[in-house]
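Overview (structure and organization)
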Amino acid sequence: MQESTTTSPWFLPLTPDKTDAVRLVCFPFAGGAASAYFPLSRSMAEELHVMAVQYPGRQNRRRETPVRDMGLLADAVAAEIGPWLDRPVAFFGHSMGAVLAFEVALRLERRAGFELERLFASGCRAPSSRREVEDLRDLDDDAVIAEMGALGGTDATLIADDELLRLALPAVRADYEAVRTYRAEPGATLRAPVTVLRGEDDTRVTVDEAADWRSHTVAGCDIHAFSGGHFFLNGHGREIGAIVSGALVGFR
């Protein structure tokens with residue numbers, strides 16, 4: 001079996017490709033990049049082919065203009081992902097990434113013959129659960145940096161490097177704008193099952209807001225809680241890897 005030679009700036013492979021493995025596509029959180037999923041991918045390397053979406057405006061795509069609209073970003077990912085739909089595929093998204101994965105899945109499910117195996121929605125309230133999101137346009141750079149640090153998901157080396165951090169701010173602002181202006185289509189529902197993951201101390205996702213994901217699938221929804229806040233997955237890679245692999249390896 002040969003590894004796939006397909007390449008795209010939109011996708012970063014995180015584990016070796018195996019032609020009989022389910023493909024898990026990971027969607028980063030607001031301000032995040034594909035490489036944020038390297039630690040989690042190590043807990044699933046033997047079970048799945050893990051890859052991550054690389055949004056414009058960060059890392060190898062840092063010279064590109066970030067996308068400020070969730071729908072346009074979902075359209076772009078759905079248009080680019082075709083070559084990787086040659087086998088069973090599941091999506092994993094954290095925070096903003098979970099909503100984006102949901103929107104991409106909706107678009108793909110409209111295509112004849114496509115069936116997503118499962119959506120893993122991590123650290124994200126259901127698309128229909130609305131809250132007012134702070135408009136970063138009203139905040140200066142120092143306030144945005146403080147917000148990033150408070151959430152705990154930004155790499156410590158980036159937080160410590162003021163020059164790199166400020167270079168990342170346009171992408172952060174664009175992502176927050178996409179989240180702030182996002183509105184789910186009323187009644188939007190997947191044919192695929194959904195697994196929800198949340199931190200017990202995450203004030204951004206309540207128990208009820210996590211449970212609301214049940215209204216966005218006709219195939220069942222299970223919910224798992226972990227100790228920690230919004231970025232609980234940083235301390236629970238092994239457990240999360242086991243949940244994801246356990247749900248998907250039966251498709252191999």
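About the cut-offs
Residues numbered from 1 in each chain as written. Predicted model: local features only at pLDDT ≥ 70, side-chain atom pairs only at ≥ 80, totals over all residues. Heavy atoms only, no water. Helix = DSSP H or I, 4+ residues; strand = E, 2+ residues; numbered from the N terminus. Buried < 20%, exposed > 50% of the residue type's maximum accessible area, 1.4 Å probe, protein only. Contact = heavy atoms within 4.5 Å. Phe/Tyr/Trp six-rings, centres within 6.5 Å; stacked < 30°, edge-to-face > 60°. Lys NZ or Arg CZ within 6 Å of the ring centre and 35° of its normal. pLDDT = per-residue confidence, 0-100. Lys, Arg positive; Asp, Glu negative; His and termini not counted. Salt bridge = Lys/Arg side-chain N within 4 Å of Asp/Glu carboxyl O. Expected span 1.5 Å × (residues − 1). Arc of directions from axis to C-beta.

**A closer look at the overall build of the protein**
Scanning the protein from terminus to terminus reveals eight helices and seven strands. The buried share among the 252 residues of the protein stands at 51%. The long-range share in the protein, meaning contacts at least 24 apart out of those at least 6 apart in sequence, stands at 82%.

**Let's talk about the packing of aromatic side chains**
What describes a pair of aromatic rings is the distance from one ring centre to the other and the angle between the planes of the rings. For the structure shown, the criterion picks out seven aromatic pairs. With a centroid separation of 5.0 Å and an interplanar angle of 65 degrees, the aromatic rings of Phe27 and Phe91 are classed as edge-to-face. Within this pair, whereas Phe27 is found in strand 2 (residues 22-27), its partner Phe91 is found in strand 4 (residues 89-94), the two being separated by 64 residues in sequence. Like Phe27, the residue Phe91 is buried in the burial classification. On the basis of an interplanar angle of 80 degrees and a centroid distance of 5.8 Å, the ring pair of Phe102 and Trp213 is categorised as edge-to-face. Note that Phe102 is positioned in helix 3 (residues 96-109) and Trp213 in the loop between helix 7 (207-211) and strand 7 (221-226), a separation of 111 residues in sequence. Look at Trp213 and you get buried, because its relative accessible area is 0%. Here the aromatic residues Tyr37, Phe92 and Phe120 are joined through ring pairs into a cluster of three or more. Looking at Arg61, its charged tip hangs above the ring of Trp10, at a distance of 4.1 Å from the centre.

**Some points on the confidence of the model for the protein**
Confidence in the prediction of the protein, expressed as mean pLDDT, is 86, and 82% of residues score 70 or more. Long-range and interchain partners of residues 155-161, a stretch whose pLDDT sits below 50, account for five contacts in this model, where long-range means more than four residues apart.

**Side note on the side chain of Glu109**
Mapped onto the elements, Glu109 comes out in helix 3. We note that Glu109 is buried and unpaired, the nearest opposite charge coming from Arg191 at a distance of 4.3 Å. The residues touching Glu109, leaving out its near neighbours within four places in the chain, are Phe114, Leu116, Thr189, Leu190, Arg191 and Ala192.

**Quick notes on helix 8 (residues 237-248)**
Here helix 8 is 12 residues long and its end C-alpha atoms lie 16 Å apart, about the 16 Å a rise of 1.5 Å per residue gives. Residues Gly237, Ile240, Gly241, Val244, Ser245 and Leu248 constitute the buried set of helix 8. Taken end-on, helix 8 shows its buried residues confined to a sector of 125 degrees, consistent with a single buried face. In this structure, helix 8 carries Arg238, Ala242 and Gly246 as exposed residues pointing more than 90 degrees from its buried face.

**Here's the deal with helix 3**
Here helix 3 spans 20 Å end to end across 14 residues, near enough to the 20 Å set by a 1.5 Å rise per residue. Most of helix 3 is tucked away, with 14 of its 14 residues classed as buried.

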